[in-house]
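# Geometric and topological summary
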Amino acid sequence: MNWLRRMMYGRYGYDQLSLFLFLAYFVLWVLSLFRPLWFLYWVGAALLLWSVYRVLSRRIDRRRAENARFMSLAGPVIRWFKMRRTIRRDREHCYFKCPNCGQYLRVPRGKGRITVNCRSCGISFEEKS
Ligand SMILES: [Zn+2]
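This write-up is about the structure you can find in this document. (Residues numbered from 1 in each chain as written. Predicted model: local features only at pLDDT ≥ 70, side-chain atom pairs only at ≥ 80, totals over all residues. Heavy atoms only, no water.)

On to the overall build of the protein chain, then. Each helix and strand in the protein chain was counted, giving 4 helices and 4 strands. In terms of overall size, the protein chain is more extended than a compact globule, its C-alpha atoms giving a radius of gyration of 22 Å where 129 residues would be expected to give roughly 14 Å. Classification of the 129 residues of the protein chain by burial places 29% in the buried group. Partitioning the contacts of the protein chain with sequence separation of at least 6, the portion at a separation of at least 24 is 37%. Counting only carbon and sulfur atoms, one obtains 60% of the accessible surface of the protein chain, whose full area is about 10000 Å². Charged side chains of the protein chain number 25 positive and 7 negative; the gap between the two group centres comes to 8 Å. (Helix = DSSP H or I, 4+ residues; strand = E, 2+ residues; numbered from the N terminus. Rg over C-alpha atoms; globule rule 2.2 N^0.38 Å. Buried < 20%, exposed > 50% of the residue type's maximum accessible area, 1.4 Å probe, protein only. Contact = heavy atoms within 4.5 Å. Areas by Shrake-Rupley, 256 points an atom, 1.4 Å probe, with all protein chains shown as cover. Lys, Arg positive; Asp, Glu negative; His and termini not counted. Charge placed at Lys NZ, Arg CZ, Asp CG, Glu CD.)

Laid out in structure tokens, this is it:
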């Protein structure tokens with residue numbers, strides 16, 4: 001493992017964007033097995049090369065800025081998926097989005113019509129739980 005540490009010294013390494021590019025490569029590779037989509041193999045290969053380039057890059061602040069841009073785009077999507085999972089697993093509560101500020105609010109399930117107060121912006125609205 002010593003040679004690997006020596007090779008990676010001063011290089012950027014892995015981050016979420018590189019991981020995403022690698023996963024995208026894999027998805028495109030699978031899709032390219034369908035004959036009309038063969039060209040996706042080369043799109044995927046380009047993404048894989050980009051991913052490897054970023055990992056080995058020595059321009060650390062540039063790579064960090066790229067990843068920050070990527071995360072500001074992907075962050076809301078990731079949060080949305082996490083929220084969906086929480087909502088699906090939580091049998092005890094109902095979840096609402098505040099119509100004013102978009103904050104998710106949680107109330108006990110099965111209480112009939114209730115007034116929900118948003119903790120974030122303070123407005124109240126009626127919902128069925
Ligand atoms: Zn609100």
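Continuing now.
Moving on: the nonpolar core. Ranked by size, the top nonpolar core spans 9 residues in total: C94, F96, C98, L105, V107, I114, V116, C118 and F125. Elements that contribute at least two residues to this core include exactly β1 (93-97), β2 (104-108) and β3 (113-117). With sequence-adjacent residues up to four places away left out, L105 is seen in contact with C94, Y95, F96, C98, V116, N117, C118, R119 and F125. If you look at the next biggest cluster of nonpolar residues, it comprises 8 residues, including L17, L21, F70 and A74. (Core = buried A, V, L, I, M, F, W, Y, C linked by side-chain atoms within 4.5 Å.)

The protein atoms that coordinate the zinc ion are C98 (SG), C101 (SG), C118 (SG) and C121 (SG), at distances spanning 2.2 to 2.3 Å. One can describe the donor arrangement at the zinc ion as tetrahedral, given that its 4 donor atoms subtend angles of 106 to 115° at the metal. Sequence spacing of the donor residues for the zinc ion, all on one chain, is C-x2-C-x16-C-x2-C. Owing to a relative accessible area of 4%, C118 belongs among the buried residues under this scheme. (Donors = N, O, S within 2.8 Å, 3.2 Å for Na, K, Ca; no water. Tetrahedral: all angles 85-135°; square planar, octahedral: opposite > 155°, others 65-115°.)

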